[in-house]
Structure formats: C-alpha cells, structure tokens
Amino acid sequence: KTPSFRKKKKSTHKVVFDSDESEGEAAALSEVPARYKSPTKRAARREICVSRKNSPPRRKRCPFTDEEKNAIIDGVKRFGVGKWAEIKSHPRYEDTLRNRTSVQLKDKWRTMENQRLPEIEGII
C-alpha cells in the first residue's frame, strides 16, 4: 500500500511542453487566472483565516472605517444602545455594516465610549 504522503494530490497541476517549438524560441506564458492573483483590499476584508484543523473559521481583524463608525453613531442615535441587530439590518446601514457582526458593533461602541469621542458626547 502506498503511504498517503507519496500519493499524488488531485490539486496538483501537470505542465506539458510541446516538442514542436525550437530550442531558441521563448515560450509565451498565458495570463494568470484571477483566482490565483493576490486579492484587492476590498476582497481581503472578507478573507477567512483558519488557525487550527478542528476550530471554526475566523475572520481577519480589520480596523473600522470612518463610514462604519458614523453608521454606528447614527444607528445608536436612531435606535438606542443595545439594538445592534436592528442597526445592522436597517437598510440605511446594511451595506456599510455588511461585514460586521452585532458583537463587533457593540464592542466598537464601547471602545468609542471609553475613548470619549466628541461625536458621541451628546448621545451618552
């Protein structure tokens, strides 16, 4: 029986060269498929990192943008503190806060409160 580390993986790629080309000509390479290119900043936000085999996938940490902070402040003005799921699902903030969980919104609000930001002074 062949050991598992010696078996060929299904994901391996085989490169075959035609022998028709002359030795002096350089072979033209095709364009790299989009799925193998490095992700853009927007695509990198949705990246999921796996730390261990049996643990659930985790999101990469990503700092809050000013637009997200303003959406949280406006949502708290409209709905009040603690209504994180309502703020997140409201059509006005839905696109801005799409990549954030309710817990992340709560934690960011608490951090902004502790920092005593001037934007939230009238709300507290």
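Residues numbered from 1 in each chain as written. Predicted model: local features only at pLDDT ≥ 70, side-chain atom pairs only at ≥ 80, totals over all residues. Heavy atoms only, no water.

Engineer: What am I meant to see in the pattern of salt bridges here?
Structural biologist: Two side chains with opposite charge may pair up if their charged atoms get near one another. For the structure shown, the criterion picks out four salt bridges. One salt bridge in this structure joins E68 and R100, with 3.1 Å as the shortest N-O distance. One end of the pair, E68, is in helix 2 (residues 66–79); the other, R100, is in the loop between helix 4 (91–94) and helix 5 (102–115), with 32 residues separating them in the sequence. A relative accessible area of 6% places R100 in the buried class. (Salt bridge = Lys/Arg side-chain N within 4 Å of Asp/Glu carboxyl O. Helix = DSSP H or I, 4+ residues; strand = E, 2+ residues; numbered from the N terminus. Buried < 20%, exposed > 50% of the residue type's maximum accessible area, 1.4 Å probe, protein only.)

Engineer: What am I meant to see in the packing of aromatic side chains here?
Structural biologist: Given two aromatic rings, their pairing is described by the distance between the two centres and the angle made by the two planes. Counting across every chain of the model gives one aromatic pair. Arranged with centres 6.5 Å apart and planes meeting at 45°, the rings of W84 and W109 form a pair that is tilted. Within this pair, whereas W84 is found in helix 3 (residues 84–89), its partner W109 is found in helix 5, the two being separated by 25 residues in sequence. On the basis of relative accessible area, W109 is assigned to the buried category, the value being 2%. Over the ring of F64 we find R100; its NZ or CZ atom is 3.8 Å from the centre of that ring. (Phe/Tyr/Trp six-rings, centres within 6.5 Å; stacked < 30°, edge-to-face > 60°. Lys NZ or Arg CZ within 6 Å of the ring centre and 35° of its normal.)

Engineer: What exactly am I supposed to notice about the confidence of the model for the protein chain here?
Structural biologist: Predicted coordinates in regions of low pLDDT should not be interpreted in detail. In this model, the protein chain carries a mean pLDDT of 76, and residues with pLDDT of at least 70 account for 63%. Here strand 1 (residues 48–49) stands out as the element of the protein chain with the lowest mean pLDDT, 46, in contrast to helix 3, whose mean of 94 is the highest. Between residues 42–50, whose pLDDT stays under 50, and residues either more than four places distant or in other chains, the model counts 17 contacts. (pLDDT = per-residue confidence, 0-100. Contact = heavy atoms within 4.5 Å.)

Engineer: Mind showing me how you'd approach helix 2 here?
Structural biologist: An α-helix turns once per 3.6 residues; consequently, residues spaced three or four apart project the same way. Spanning 14 residues, helix 2 covers 20 Å between terminal C-alpha atoms, matching the ideal 20 Å at 1.5 Å per step. Among all positions in helix 2, only E68, A71, I72, I73, G75 and V76 are buried. (Expected span 1.5 Å × (residues − 1).)

Engineer: Mind showing me how you'd approach the environment of F79 here?
Structural biologist: Summarising the element assignment, F79 is placed in helix 2. Overall, F79 belongs to the partly exposed group, its relative accessible area being 26%. Not counting chain neighbours up to four residues away, the residues in contact with F79 comprise E86, I87, H90 and Y93.

Engineer: Quick question: what am I supposed to make of the packing of helix 2 against helix 5 here?
Structural biologist: Angle between the axes and distance between the axes are the two parameters that describe a pair of packed helices. The interhelical angle for the contact between helix 2 and helix 5, taken along N-to-C directions, is 90°, at an axis separation of 11 Å. If you check the angle between helix 2 and helix 5, you find them roughly perpendicular. Facing K69, I72, I73 and V76 of helix 2, the residues of helix 5 in contact are L105, K108, W109 and M112. Looking at side-chain class alone, the contact of helix 2 with helix 5 contains six nonpolar, no polar and two charged residues. (Axes fitted to C-alpha atoms, helices over the stretch in contact; angles between N-to-C directions. Parallel < 35°, antiparallel > 145°, perpendicular 65-115°, else oblique. Nonpolar A, V, L, I, M, F, W, Y, C, P; charged D, E, K, R; others polar.)

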